[in-house]
Structure formats: structure tokens, C-alpha cells
Amino acid sequence: MILCDIYWMTKSVVRLFLLIIYIGSLSTDAFAQVISQHSAVGTSFNEPLFGKKFAKGTVTSNRLSGGCFYIVSGHGGPDPGTIGRVGKHALHEDEYAYDIALRLARNLMQEGAKVHIIIRDARDGIREDAYLSNSKRETCMGSAIPLNQTQRLSQRAAAINKLYRTDRKNYKYCRAIFIHVDSRSRHRQTDVFFYHARKSSLGQRLALNMRRTFQSKYAQHQPDRGFRGTVSERGLYVLANTMPVGVFVELGNMQNTFDQRRLVIPSNRQALANWLTEGFVRDKNHR
Ligand SMILES: [Zn+2]
């Protein structure tokens, strides 16, 4: 009889405990839903960083709602990145990366996502020029960018991590993207490289989804060329030191004539931004 009572009591305690856990999980879910920020289709936005012509926009889809993105264009401020030359023009990598980054940011906002533009230029919006003028105005969310590489990279990593500590409570899908145009192999026409952090399976999944998207877009638009883009893990500072899952992309080769001809056409820069957007959509929906 006593044994039976103890058994019953233990069972009740276990049940009560499970019930508490259950209610606990219910309320966190409910709470998350309440504070999760969604931009509904039809909501308008105004981002002055996009420039006069592109500042205003509307959310046209909810494919990325509930998603939060950290958009980081490579280099900036005192560091122009790789410099390519076309006649009298000097093509600075950071300016082209920034233009693509802004186009991507705007696309993601149209898809209902929350977007943080980490590297900023108060004057250059999305530009329709072929030869993008060079400046050293870029900041890391308003703070001057140091020339020293370690300081420069740790500054942007810290900016992302600070935002992420709050965002992770409100958004289920947070991703960082580091956009570069240059390539390690000089004077060669290269395809696109996607890097993810070491031992990051979600980073690898994102990089693979990006590559799959690019592969199918290349097959559609440049079937004769083929696509040899690669996915690999790499111990890059920004990937290793930022908390949200990230992908690092190199979109071409600043010193290669074919890539230069491609990048100076604004619609090509838009196409690259569109493909990166589709890569995120594919990844968020686990396809
Ligand atoms: Zn670079």
C-alpha cells in the first residue's frame, strides 16, 4: 500500500513536472510570436542608404519574413580592397561590393526580412553607373573604419554580435553575408567562391544552397559557360568570430577583363544580388 502510494506520488510529480515544462514551452513560443517582427506584404519602407531613387520600397512577398540578415560589404573606409584598371578608370572592389550589398539588402527587405546594413556610405546609394566613384566615406554603422586589418574585422564582427544578441530572441533565421568581388587567383576568370566557417553545418548548408542557386541561374543565362563555383570551409576571421551563421562570397575577379566587363553593367550587379536573395530563400525553406 505504501509502495503503491509512493509510486502514485512519484508519477504525479513527474506528470506535474512535465506539465510545467509543457506550459513553459508554450509560453516561450507564444512570447516569441508576439515579439517576432514581421513586415507584412504591402508594408512600405524607407531606407535612405539606398539613395534617392531606391530609398522607398514595398514588401512584396513574405518568403523571408521572420528572417534577419547582416549585410557586410568587404573592405571600405581607408581600405579599397583589390583595385582593377580599365583604361583611365580604377575599379575599387569595396565600391562594387557595396553596390551589390545594397541591392541585396533592398531585395531582402522586399521579401519581408529584417536587414542590418553593417558597412555604410551616407552618400553612395544604389548606383546605376558603370564606373563607381571611389570614396573613403564608408563606416561600420557610423563608426570610422580603422586601417589595421584585425581592428577593422573585429569592429564589424562586434557590431554584428551586438545586434544578434537581441535578434536571436526575435528571429528564427539569422544569417550574415560577407560580400567580396576579388579572388585569390589573379588575372584569371573565376567563378563564384562560397566559404563557410569551419565545422558549421548550417554555414555549409547555406553555402551549398547559394551555389545550387547560382548553378541553375548560370545554366539559364550562360549555358555555354558552365559554372565551376566552389564551396569550402575557410578559417576567415569574420566567419570564425561572428555568432550568426554566415557565408563569405567572392563574386568575381576585380583584375580580370571579362569579370570587369560584367561588373560595370548595373543590371549584372542586380542579377548577382537577385541570385544571392534566391539562395537565402532556398536555404530558409530547407530546399
Ligand atoms: Zn575582398
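Residues numbered from 1 in each chain as written. Predicted model: local features only at pLDDT ≥ 70, side-chain atom pairs only at ≥ 80, totals over all residues.

(A) A look at the overall build of the protein chain. The helix and strand tally for the protein chain stands at seven helices and 13 strands. Here the protein chain holds 287 residues, and the buried ones make up 40% of them. Long-range contacts, defined as pairs at least 24 residues apart, comprise 72% of the intrachain contacts of the protein chain with a sequence gap of at least 6. (Helix = DSSP H or I, 4+ residues; strand = E, 2+ residues; numbered from the N terminus. Buried ≥ 20, exposed ≤ 12 C-beta atoms within 10 Å, placed from the backbone. Contact = placed C-beta atoms within 7 Å.)

(B) Geometry of the sheet that holds strand β9 (residues 143-144). Spatial strand order, β7-β8-β9: three strands in an open sheet with antiparallel pairing. Two strands in the sheet have a free side with no partner beyond their single neighbour: β7 (119-120) and β9. Two strands pair when backbone bridges link them, and strand β8 (residues 139-140) and β9 are joined in this way by two bridges, in the antiparallel orientation. Paired with Cys140 across the bridge in β9 is Ser143. (Pairing = 2+ DSSP bridges.)

(C) Layout of the confidence of the model for the protein chain. Mean pLDDT over the protein chain works out to 87, with 84% of the residues at or above the 70 mark. A low-confidence stretch, residues 18-36 stays under pLDDT 50, and its non-local contacts, those more than four residues away or across chains, total four contacts. (pLDDT = per-residue confidence, 0-100.)

(D) Examining the pairing of strand β13 (residues 245-250) more closely. The element β13 is largely enclosed, with a buried count of six among its six residues. The side-chain alternation of β13 yields two buried faces, one formed by Val245, Val247 and Val249 and the other by Gly246, Phe248 and Glu250. As paired elements, strand β10 (residues 173-180) and β13 share six bridges and run parallel to each other. Each residue of the ladder has a partner; that of Ile179, found in β13, is Val249. Sheet topology note: the strand β11 (residues 193-196)/β13 ladder contains three bridges and is antiparallel. Each bridged residue has a counterpart across the sheet, and for Tyr195 the counterpart in β13 is Phe248.

(E) The arrangement of the nonpolar core in detail. Judged by nonpolar contacts, the single largest core of 63 residues is most densely connected at Ile71 and Ile177. Take this core: its biggest share by element is ten residues, from helix α2 (residues 93-110). (Core = buried A, V, L, I, M, F, W, Y, C linked by C-beta atoms within 7 Å.)

(F) Local environment of helix α7 (residues 266-284). Given a rise of 1.5 Å per residue, 19 residues ought to cover 27 Å, and the 27 Å separating the end C-alpha atoms of α7 matches this to within 8%. Residues of α7 that are buried: Arg269, Leu272, Ala273, Trp275, Leu276, Thr277, Glu278, Gly279, Phe280, Val281, Asp283 and Lys284. At its buried positions, α7 is contacted by β3 (67-73), α2, β10, α4 (201-221) and α6 (257-263). Remark: His286 follows α7 within two positions and exhibits a positive phi of approximately 55 degrees. (Expected span 1.5 Å × (residues − 1).)

(G) A look at the sheet that holds β11. The sheet built from six strands is open, its strands ordered β6-β3-β10-β13-β11-β12 with mixed pairing. Two strands close off the open sheet at either side, each with one partner strand: β6 (114-117) and β12 (230-233). Across the sheet, the mean angle separating the axes of adjacent strands is 20 degrees when strand polarity is ignored. Contacts from α2 reach β3, β6 and β10, with the element oriented near 165 degrees to β3. (Axes fitted to C-alpha atoms, helices over the stretch in contact; angles between N-to-C directions.)

(H) View of the environment of Arg63. Structurally, the position occupied by Arg63 is in the loop between β2 (56-58) and β3. Judged by the 18 C-beta atoms lying within 10 Å of it, Arg63 is partly exposed. For the pair Arg63 and Ala113, spaced 50 residues apart in the sequence, the C-alpha separation amounts to 8.3 Å. Beyond its immediate chain neighbours, meaning those up to four positions away, Arg63 contacts Glu111, Gly112 and Val281.

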